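Breakdown of the fold
So the chains spell out like this:
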Amino acid sequence: NGTKKWITGGMYADWFVTAVRTGKQGAGGISMMLIPRSDAVQTKIMKSKYSSAAGTAYVTYENCIVPKKYLIGTENKGFQIIMSN
């Protein structure tokens, strides 16, 4: 469960790349996952001075279960993926 904000294109996306807690506290417990839009994934338009055509959104995950096949890279190595981008 959790929320992301300032997600450009979030209103139109079918998939969301998301850093998730899968292990201990700190950088060693973060994994990257590709999460499909589902009933457990809600989006809400964010009002901003930026163009509304960008579809900038809040993305909320509630009781979202994601199969392990959607893991990007190695479990608990997501921080390294974030920092290498």
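Preceding block: the structure.
First, a word on scope: everything that follows refers to the structure included in this document. (Residues numbered from 1 in each chain as written. Predicted model: local features only at pLDDT ≥ 70, side-chain atom pairs only at ≥ 80, totals over all residues. Heavy atoms only, no water.)

1. What about the sheet that holds strand 3 (residues 30-36)?
The criterion, for reference: Only strands joined by at least two bridges in the DSSP assignment are considered to pair. By the criteria applied, helices consist of DSSP H or I runs no shorter than four residues and strands consist of E runs no shorter than two, each listed in order from the N terminus.
Strand order in this open sheet of three strands is 2-3-6, and the pairing throughout is antiparallel. With one partner strand each, in any of the chains shown, strand 2 (15-21) and strand 6 (71-72) form the two edges of the open sheet.

2. A closer look at the nonpolar core
This is how it is decided: For this analysis, a nonpolar core means a set of buried residues of the types Ala, Val, Leu, Ile, Met, Phe, Trp, Tyr and Cys, connected via side-chain atoms within 4.5 Å. Throughout this description, buried means an accessible area under 20% of the type-specific maximum (1.4 Å probe, protein chains only), exposed means over 50%, and partly exposed covers the range between.
In terms of nonpolar packing, the biggest core is built from nine residues, these being I7, A13, F16, V20, M33, I35, V41, V59 and Y61. Contributions of two or more residues to this core are made by strand 2, strand 3 and strand 5 (57-61).

3. With respect to the pairing of strand 5
Residues A57, V59 and Y61 point to one face of strand 5 and are all buried, whereas Y58 and T60, pointing to the other face, are not buried. Pairing analysis gives four bridges linking strand 1 (residues 2-7) to strand 5, with the strands arranged antiparallel. Bridge pairing in strand 5 places K4 opposite V59. The sheet contact formed by strand 4 (residues 41-45) and strand 5 spans five bridges and is antiparallel. Pairing of I45 across the sheet is with A57, part of strand 5.

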